[in-house]
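Understanding the architecture of this molecule
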Amino acid sequence: MRLPAGRGWWRGRALAAWVPGAAGPAPPPPLPGPPGARALDRLYSSAARQEKVDMSRFPAENIRNFSIIAHVDHGKSTLADRLLELTGTIDKTKNNKQVLDKLQVERERGITVKAQTASLFYNREGKEYLLNLIDTPGHVDFSYEVSRSLSACQGVLLVVDANEGIQAQTVANFFLAFEAQLSVIPVINKIDLKNADPERVVKQIEKVFDIPSDECIKISAKLGTNVESVLQAVIERIPPPKVHRNSPLRALVFDSTFDQYRGVIANVALFDGVVAKGDKIVSAHTQKTYEVNEVGVLNPNEQPTHKLYAGQVGYLIAGMKDVTEAQIGDTLYLHKQPVEPLPGFKSAKPMVFAGMYPVDQSEYNNLKSAIEKLTLNDSSVTVHRDSSLALGAGWRLGFLGLLHMEVFNQRLEQEYNASVILTTPTVPYKAVLSSAKLIKEYREKEITIINPAQFPEKSKVSEYLEPVVLGTIITPDEYTGKIMMLCQARRAVQKNMVFIDQNRVMLKYLLPLNEIVVDFYDSLKSLSSGYASFDYEDAGYQTAELVKMDILLNGNFVEELVTIVHKDKAHTVGKAICERLKDSLPRQLFEIAIQAAIGSRIIARETVKAYRKNVLAKCYGGDITRKMKLLKRQAEGKKKLRKIGNIEVPKDAFIKVLKTQTDK
């Protein structure tokens with residue numbers, strides 16, 4: 001079907017259909033102009049037609065800012081859906097499933113990756129309340145999102161599954177809220193399940209968190225059972241924000257996204273003052289001045305307002321066109337009214353590093369801008385420039401965990417259409433230098449190594465350090481023996497073991513990070529039939545016997561395949577890399593020896609056999625000496641070829657060896 005020409009054709013049709021005296025305002029007249037940016041035109045017209053909400057009708061004592069925190073899959077987003085429906089923010093339909101999970105990757109995987117904000121308007125006993133809800137992720141890799149969201153809140157709903165009980169991430173998230181001195185309301189969800197045992201979970205909460213049993217609210221978010229009492233508890237138990245509306249503006253940027261048309265959209269929590277469209281604001285981080293183009297609340301979609309007042313959470317668009325301008329944790333204040341900046345956030349500490357390279361070097365600049373825009377939305381990723389002889393120019397990215405890395409890669413592909421090569425993840429090691437010359441060169445005694453190729457030799461180092469984490473495993477007690485054996489095989493040291501009820505055990509282990517980074521979680525789940533849960537937190541560094549393992553092809557070092565391993569695991573890792581290379585390298589006319597070496601000692605070897613012409617084909621019989629002569633001549637030729645033959649390792653062979661192993 002051909003569409004009518006002109007940018008406002010659909011408006012023209014609306015006008016033709018509208019008759020004077022009909023209910024509602026007349027649609028705006030059609031706009032002249034070229035047939036371009038129809039979607040943009042529609043976006044702006046719908047925003048213009050929305051009625052602006054007057055936020056001054058919510059005094060600070062009628063505002064409640066809270067987050068929903070829980071372990072993975074305990075029903076946070078479903079509870080958020082019911083709260084949105086109860087307050088009339090969204091219509092009640094059967095399609096309301098994880099409304100706040102807006103990203104494609106969240107829909108596909110069924111997990112929350114980004115913390116999402118929604119403002120709810122709720123009437124109770126004649127008073128109108130403003131409830132700012134933040135739905136947070138549950139996976140350990142996104143705990144930075146949780147800690148950031150808590151900075152904009154005064155209380156939390158701690159959701160626990162009535163069937164599974166307290167899990168590892170429940171414990172971690174509770175302590176994040178406890179350290180931030182927030183009010184905690186325990187909510188026991190999924191009481192409609194056949195195997196649900198809410199009384200057992202109440203006892204667990206009382207034992208582990210020391211919260212009285214009468215404070216727990218039992219609900220079913222899926223069916224909407226008793227969800228009304230959650231809203232009442234939020235109003236009664238969570239304190240209103242302590243703010244000063246007459247003081248100068250102080251706003252904390254706790255999240256931001258990049259819009260191709262409107263620039264940076266900053267999610268802000270106002271601690272003091274008021275901000276309105278047309279105000280001149282300054283960023284405490286960059287000292288740049290901006291004019292506010294739009295302020296509003298997320299309801300859960302953007303809804304413009306006249307002003308935002310202290311104690312409220314909303315969004316702000318101020319014409320920031322560069323992705324580096326909206327730093328998460330930044331303080332915004334009014335021009336010529338400087339204030340003491342808010343403490344902000346401690347930066348996320350990357351646990352896993354991986355090389356990222358464009359598949360084709362001509363795509364480098366496109367990938368660069370895609371990474372910049374995505375890191376604005378996901379500020380926990382660290383980026384360092386890097387280059388490799390085999391894969392060209394790229395970056396070394398730091399992530400909070402393996403799932404975080406996979407999700408970042410998936411978002412690059414889905415949101416920015418960028419295809420990349422991602423190398424095997426490594427962890428950051430440290431080396432304490434012993435030579436004065438090197439200390440002078442690096443300007444510090446202790447250096448951090450994120451690229452294995454830069455690993456210093458043993459002679460120049462007094463000791464190597466590897467990162468360790470304190471892991472919490474919660475499991476049914478029948479799997480304890482298997483899990484202990486798994487942890488011991490991964491060089492773990494047991495710190496604690498507590499029974500949280502008759503059949504559940506909480507184990508605490510000190511684990512080297514490089515032992516858990518790739519496949520520990522998968523092994524744990526398969527050993528425990530999926531019942532064990534795992535969470536970890538950074539525990540600093542410890543000394544370790546680390547070695548640099550080189551890979552040689554016919555005696556020549558291959559720089560891209562250098563790996564850092566623990567002395568005890570060197571043989572296993574070396575053999576695995578040699579086998580992968582053997583499968584990936586194309587055969588030559590001469591034999592290729594693939595060796596893994598530590599210093600001058602070879603620890604593993606595989607051989608790629610040569611292509612071989614059958615030189616005996618012309619001999620139909622005759623003397624054996626004739627055959628031996630021909631074979632000897634062929635062997636000499638192969639030997640000569642091997643000396644002068646240069647092995648060109650194809651790019652796809654590197655990719656197969658360096659790429660993350662999905663089949664592990």
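As the structure is a computational prediction, the values presented were derived from the model and not from experiment. Chains are numbered independently. Their residues run from 1 in the order of the written sequence. Two thresholds apply to this predicted model, a pLDDT of at least 70 for residue-level local features and 80 or more for giving and counting side-chain atom pairs, whereas whole-chain, interface and lining totals are computed over all residues. In computing side-chain values, all of the structure's heavy atoms are included and hydrogens and water are not.

Note on conventions: DSSP H or I runs of at least 4 residues are helices, E runs of at least 2 residues are strands, and numbering of each starts at the N terminus. Across its full length, the chain carries 17 helices and 31 strands. Burial classes follow relative accessibility: with a 1.4 Å probe on protein chains only, a residue under 20% of its type's maximum area counts as buried, one over 50% as exposed, and anything between as partly exposed. Considering the chain as a whole, with its 664 residues, one finds that 52% of them fall into the buried category. Any two residues whose heavy atoms approach within 4.5 Å at even a single point are treated as in contact. Summarising the internal contacts of the chain: among those between residues at least 6 apart in sequence, 69% fall at separations of at least 24. Only the protein chains shown count as covering a residue, and every accessible area follows the Shrake-Rupley method with a 1.4 Å probe. When the accessible surface of the chain is split by element, carbon and sulfur atoms take 50% of a total near 32200 Å².

Pairing of aromatic rings covers Phe, Tyr and the six-membered ring of Trp, with a centre-to-centre limit of 6.5 Å; geometry is then stacked below 30 degrees between planes, edge-to-face above 60, and tilted otherwise. For the coordinates displayed, the defined rule picks out 10 aromatic pairs. An angle of 10° between the planes, with centres 5.4 Å apart, marks the rings of Phe58 and Phe121 as stacked. Separated by 63 residues along the polypeptide, Phe58 in the loop between helix H2 (38-49) and strand S1 (63-70) and Phe121 in strand S2 (residues 116-124) bring together distant segments of the chain. Each member of the pair, Phe58 together with Phe121, is buried. Taking the centre distance of 6.4 Å and the plane angle of 90° together, the rings of Phe175 and Phe178 count as edge-to-face.

Compared with an ideal rise of 1.5 Å per residue, which puts 12 residues at 16 Å, helix H6 (residues 168-179) spans 17 Å between its outermost C-alpha atoms and is within 8% of the ideal. Those residues of H6 that fall on the buried side of the exposure criterion are Ala168, Gln169, Thr170, Val171, Asn173, Phe174 and Ala177. Positioned one or two residues after H6, Gln181 has a phi angle of 55°, which is positive. To estimate the expected span of a helix, subtract one from its residue number and multiply by 1.5 Å.

To continue, consider unusual backbone geometry. Positive phi outside glycine occurs at Gln181, with the angle close to 55°. Its place among the elements puts Gln181 in the loop between H6 and strand S5 (183-189). A residue is classified by how much of its surface remains accessible, and Gln181, at 72% relative accessible area, is exposed.

On to the nonpolar core. If you look at soluble globular proteins, the nonpolar side chains tend to sit buried side by side. Core analysis: the largest hydrophobic core is formed by 35 residues, its most contacted members being Ile473, Ile483, Leu511, Ile516, Phe520 and Phe534. For this core, the secondary structure elements donating two or more residues are strand S21 (429-433), strand S22 (446-449), strand S23 (461-476), helix H12 (480-489), strand S25 (504-512), helix H13 (513-516), helix H14 (520-527) and strand S26 (533-543). Here Ile483 is in contact with Ile473, Thr475, Leu507, Leu524, Ser528 and Ala532, once residues within four sequence places are set aside. What we call a nonpolar core is a set of buried Ala, Val, Leu, Ile, Met, Phe, Trp, Tyr and Cys residues that are connected through their side-chain atoms within 4.5 Å.

Closest axis-to-axis distance for the helix H9 (residues 364-377)/helix H10 (residues 402-416) pair is 11 Å, and the angle between their directions is 115°. Classified by chirality, the crossing of H10 by H9 is right-handed. Contacts between H9 and H10 pair Leu367, Ala370, Ile371, Lys373, Leu374, Thr375 and Asn377 from the former with Phe408, Arg411, Leu412, Glu415 and Tyr416 from the latter. Three residue categories are used. Nonpolar comprises Ala, Val, Leu, Ile, Met, Phe, Trp, Tyr, Cys and Pro, charged comprises Asp, Glu, Lys and Arg, and polar comprises the others, including Gly. Here the residues of the contact of H9 with H10 sort into 7 nonpolar, 2 polar and 3 charged. Here an angle of 0 to 180 degrees is reported between the N-to-C directions of two axes, which are lines fitted to C-alpha atoms, with helices fitted over the stretch in contact. Each crossing is labelled by how the near helix is turned from the far one, with a counterclockwise turn of less than a right angle marking it left-handed and a clockwise turn marking it right-handed.

For the pair helix H5 (residues 143-150) and H6, the least separation of the axes is 10 Å and the interaxial angle reads 30°. If you check the angle between H5 and H6, you find them roughly parallel. By crossing handedness, the relation of H5 to H6 is classed as right-handed. Counting all contacts with H5, which are made through Ser143, Val146, Ser147 and Leu150, the residues of H6 involved are Gln169, Asn173, Leu176 and Ala177. A class-by-class count of the residues in the contact of H5 with H6 yields 4 nonpolar, 4 polar and no charged. Working rule for angles: under 35 degrees goes down as roughly parallel, over 145 as roughly antiparallel, 65 to 115 as roughly perpendicular, anything else as oblique.

A word on the sheet that holds strand S17 (residues 352-358). For two strands to count as paired, DSSP must find a minimum of two bridges between them. The strand order S18-S19-S17-S20 describes an open sheet built from 4 strands, whose pairing is antiparallel. What marks the edges here is a single partner per strand, and that holds for strand S18 (382-388) and strand S20 (420-422). For this sheet, the mean angle separating the axes of adjacent strands, direction not counted, is 30°. Judged from the 3 bridges that link them, S17 and S20 form a sheet pairing that is antiparallel.

So, about the sheet that holds strand S12 (residues 294-298). The strand order S11-S10-S16-S7-S8-S15-S12-S13 describes an open sheet built from 8 strands, whose pairing is antiparallel. Of all strands in the sheet, those with a lone pairing partner are strand S11 (289-291) and strand S13 (302-305), marking the two edges. In this sheet, adjacent strand axes meet at a mean angle of 40° when their direction is disregarded.

As a further point, take the pattern of salt bridges. Side chains carrying opposite charge are able to pair once their charged atoms draw close together. The working definition used for a salt bridge is a side-chain nitrogen of Lys or Arg within 4 Å of a carboxyl oxygen of Asp or Glu. Scanning the model with the defined rule gives 18 salt bridges in all. For Glu415, the salt bridge is made with Arg411, and the minimal N-O distance between the two is 2.8 Å. With Glu415 and Arg411 both in helix H10 and 4 residues apart, the pair spans about one turn of that helix. Residue Glu415 is classed as partly exposed on the basis of its relative accessible area of 36%. Glu606 is the salt-bridge partner of Lys575, the closest N and O atoms lying 3.6 Å from each other. One end of the pair, Lys575, is in helix H15 (residues 570-584); the other, Glu606, is in strand S31 (residues 601-608), and 31 residues separate them in sequence. Residue classification places Lys575 among the partly exposed residues on the basis of a relative accessible area of 34%. When salt bridges with common partners are traced through the structure, they connect Glu466, Arg491, Glu515 and Lys569 into a single cluster.

Let us look at the side chain of Gln410. Inspection of the secondary structure puts Gln410 in helix H10. The residues contacting Gln410, other than those within four sequence positions of it, are Val105, Glu108 and Arg109.

Quick look at the confidence of the model for the chain now. Scored from 0 to 100, pLDDT reflects the predictor's confidence in each residue. Looking at the chain, the pLDDT average stands at 79 and 86% of residues meet or exceed 70. The low-confidence segment residues 1-49 (pLDDT under 50) makes 43 contacts with residues lying over four places distant or belonging to another chain.

Within a regular beta strand, the side chains point alternately toward one face of the sheet and then the other, so they alternate between its two faces. Of all the 8 residues making up S1, 8 are buried; the element is thus mostly covered by neighbouring parts of the structure. Every second residue of S1 is oriented toward a common face, with Ile63, Asn65, Ser67 and Ile69 on one face and Arg64, Phe66, Ile68 and Ala70 on the other, all of them buried. Direction of pairing for S1 relative to strand S3 (residues 127-135): parallel, over a ladder of 6 bridges. Paired with Ile68 across the bridge in S3 is Asp135. Alignment of S1 against strand S4 (residues 155-161), held across 5 bridges, turns out to be parallel. Its bridge partner lying in S4, Ile69 is registered against Leu158.

The end-to-end C-alpha distance of helix H7 (residues 198-209), which contains 12 residues, comes to 16 Å, matching closely the 16 Å that a straight helix rising 1.5 Å per residue would cover. For H7, the complete set of buried residues consists of Pro198, Arg200, Val201, Val202, Gln204, Ile205 and Phe209. Of the surrounding elements, those touching the buried residues of H7 are S4, H6, S5, strand S6 (217-218), strand S24 (493-501) and S25. Immediately downstream of H7, the backbone of Asp210 shows phi near 60°, a positive value.

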